[in-house]
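Chain and residue survey
One letter stands for each residue in the lines below.
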Amino acid sequence: MKSHFMFSKQKRSGIFLLVILIILAQYIYFFVDFSSNEITNVNQDELRLYKSEVDSLRKVALDLKAPKIFPFNPNYITDYKGYSLGMSNEEIDRLHQFRATNKWVNSAKDFKNVTKVSDSLLAEISPYFKFPDWVTNPKPKKYNNFYSSSSKPKIDTQKIDLNVATALQLQKVYGIGEGFSKRIIDYRYKYQGFVSTDELFEIWGLTPEVIGRIKAQFVVKTPRKIKTYNLNTATRDQLVTIPHIDYEIANSIIEERILRDGFINIEDLTKVERFPIRKLQIIRLYLYL
């Protein structure tokens, strides 16, 4: 019994000593400064060097993750493209509404007036704007009046056949340079001739104003042969052979035709669900009533 008492007493003394050591260690940790000036200076220098290296690596990583911006025509900014550039939904919508009226943005100033973007965002993205050649490199003034709108309009017999026109003849139209004349001739070669001057709307970059000037001097006198269909009797398989009409649109046309008991004019197609209204001028070349 006495030995047991002595063991318990020794055990309690050991625990008490351990507690004292722990308290002493905590006191030393919190209240004793282990560093000297010399060590502190060395550590601070190393810390600054390390921080500089980390900041440099972080910047490289951020630069690699940042989206790359390539030259683009601001007239064709999509919702996703506008968002990635930092535009708000309202600014993107203003641009789309403006373009829906067949108008064009031809400068950074036009872009700001239409979208109302901030000066800081405009300064950031406008260096990447890429406009058509005829906007950025307009022809000398001697071309401005070559086909003057003030002159007496030509009748079709006086106009040049678009299917045989040369690049030099096309370039005499204000707004047509080497690039656009090549696109027009390449399109003509690809489809073995034009059916109508309305097909000029299929050539990327040509504005309605430029197309109007072309139509004033050129006409299609030797159209290529195409298959045309009666809008009120054409089958779905016949309709899908027409450019810009797929099976879904063809089905919608037939459904609308049944509801109307037949179309009265070609323009009624604009009432068809999901019909590509902007392509009506091309589609109507293949239809009749």
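Residue indices begin from 1 for each chain and proceed along its sequence in written order. Where local features are concerned, this predicted model is filtered to residues with pLDDT of at least 70; where side-chain atom pairs are given and counted, the filter is 80 or more; whole-chain, interface and lining totals use all residues. Only hydrogens and water are set aside when side-chain values are computed; all heavy atoms of the structure are taken into account.

1. Description of the overall build of the protein
Secondary structure elements follow DSSP: runs of H or I of four or more residues count as helices, runs of E of two or more count as strands, with numbering from the N terminus. Looking only at helices and strands, the protein features 13 helices and four strands. Contacts in the protein between residues far apart in sequence, at least 24 positions, make up 58% of those at least 6 positions apart. Accessible surface is estimated by sampling points in the Shrake-Rupley manner with a 1.4 Å probe; for residues, cover comes only from the protein chains shown. Working note: accessible area of the protein is about 20,100 Å², and carbon and sulfur atoms make up 57% of it. The contact definition used throughout considers only heavy atoms, calling two residues in contact when any of these lie within 4.5 Å.

2. Considerations on the nonpolar core
With 21 residues, the main nonpolar core has Leu239, Ile242, Ile245, Ile253, Leu269, Phe275 and Leu287 as its most contacted residues. For this core, the elements supplying multiple residues, two or more each, are α12 (247-260) and α13 (280-283). The element contributing the most residues to this core is α12, with four residues. Counting 17 residues, the second largest nonpolar core, distinct from the first, contains Leu170, Val173, Val210 and Phe218. By nonpolar core we mean a set of buried residues, namely Ala, Val, Leu, Ile, Met, Phe, Trp, Tyr and Cys, connected to one another through side-chain atoms within 4.5 Å. Burial classes: relative accessible area under 20% of the type maximum marks a residue as buried, over 50% as exposed, and values in between as partly exposed (1.4 Å probe, protein chains only).

3. Some thoughts on the packing of aromatic side chains
Any two of the Phe, Tyr and Trp rings considered here, Trp counted by its six-membered ring, make a pair once their centres fall within 6.5 Å; the pair's planes then place it as stacked at under 30 degrees, edge-to-face at over 60, or tilted in between. On inspection of all chains with the given rule, the structure shows seven aromatic pairs. Relative to Phe129, the ring of Phe72 has its centre 5.7 Å away and its plane inclined at 80°; by these criteria the two rings are edge-to-face. With Phe72 in the loop between α2 (37-65) and α3 (79-85) and Phe129 in the loop between α6 (119-125) and α7 (133-136), this residue pair connects regions lying 57 residues apart in the sequence. Both residues of the pair, Phe72 and Phe129, count as buried. On the numbers, 4.9 Å between centres and 65° between planes, the contact of Phe111 with Phe129 is edge-to-face. In this pair, Phe111 is assigned in helix α5 (residues 108-115) and Phe129 in the loop between α6 and α7, connecting sequence segments 18 residues apart. You'll find Phe111 and Phe129 in the same group, each marked buried.

4. What to know about the side chain of Thr115
Within the secondary structure, Thr115 sits in helix α5. Here a polar contact is taken to be a pair of N or O atoms separated by no more than 3.5 Å, where protein atoms must pair a possible hydrogen donor with a possible acceptor and residues adjacent in sequence count only if both atoms sit in side chains. In terms of polar contacts, Thr115 uses its side chain to reach the backbone carbonyl oxygen of Phe111, at 2.7 Å.

5. Topic: helix α4 (residues 89-99)
When α4 is considered as a whole, its buried residues turn out to be Glu91, Ile92, Leu95 and Arg99. The arc that holds every buried residue of α4, seen down its axis, measures 100°, which confines them to one face. Seen from the buried face of α4, the exposed residues on the opposite side, beyond 90 degrees, are Asn89 and Gln97. Against the buried residues of α4 lie α3, α5 and α6. Of all possible arcs, the one meant is that of the directions from the helix axis to the C-beta atoms.

6. Digging into the pattern of salt bridges
Definition used for salt bridges: Asp or Glu carboxyl oxygen within 4 Å of a side-chain nitrogen of Lys or Arg. Taken as a whole, this structure holds ten salt bridges when the rule is applied. The closest approach of N and O atoms between Asp156 and Lys159, which form a salt bridge, is 3.6 Å.

7. Quick word on the packing of α4 against α5
To define axes, lines are fitted to C-alpha atoms, for helices over the stretch in contact only, and angles between the resulting N-to-C directions are given on a 0 to 180 degree scale. Where α4 meets α5, the closest approach of the two axes is 8 Å, and the angle between their N-to-C directions is 110°. The orientation of α4 with respect to α5, classified from their angle, is roughly perpendicular. Touching Glu91, Arg94, Leu95 and Phe98 of α4 are Phe111, Val114 and Thr115, all from α5. Within the contact of α4 with α5, the residues separate by chemical class into four nonpolar, one polar and two charged. Relative orientations are named as follows: roughly parallel for angles under 35 degrees, roughly antiparallel for angles over 145 degrees, roughly perpendicular for angles from 65 to 115 degrees, and oblique for any other angle. Gly falls in the polar group here, along with every residue not listed as nonpolar (Ala, Val, Leu, Ile, Met, Phe, Trp, Tyr, Cys, Pro) or charged (Asp, Glu, Lys, Arg).

8. Quick notes on unusual backbone geometry
A positive phi angle, close to 75°, is found at His244, a residue other than glycine. Tracing the backbone through its elements, the reader meets His244 in the loop between α11 (236-239) and α12. The exposure class assigned to His244 is partly exposed, which follows from its relative accessible area of 33%. Positive phi, close to 60°, is recorded for Asp261, a residue that is not glycine. Along the polypeptide, Asp261 turns up in the loop between α12 and α13.

9. What about the environment of Arg224?
With respect to the helices and strands, Arg224 occurs in the loop between β2 (218-219) and β3 (229-230). Residues Arg224 and Tyr191, spaced 33 residues apart in sequence, show a C-alpha to C-alpha distance of 8.4 Å. With sequence-adjacent residues up to four places away left out, Arg224 is seen in contact with Asn163, Tyr191, Gln192, Gly193, Phe194, Val195, Glu199 and Tyr286. Within the structure, the side chain of Arg224 is placed 2.5 Å from the backbone oxygen of Gly193, a separation counted as a polar contact. Only 3.3 Å separates the side chain of Arg224 from the side chain of Tyr286, close enough to count as a polar contact.

This is a description of form; function is not addressed.
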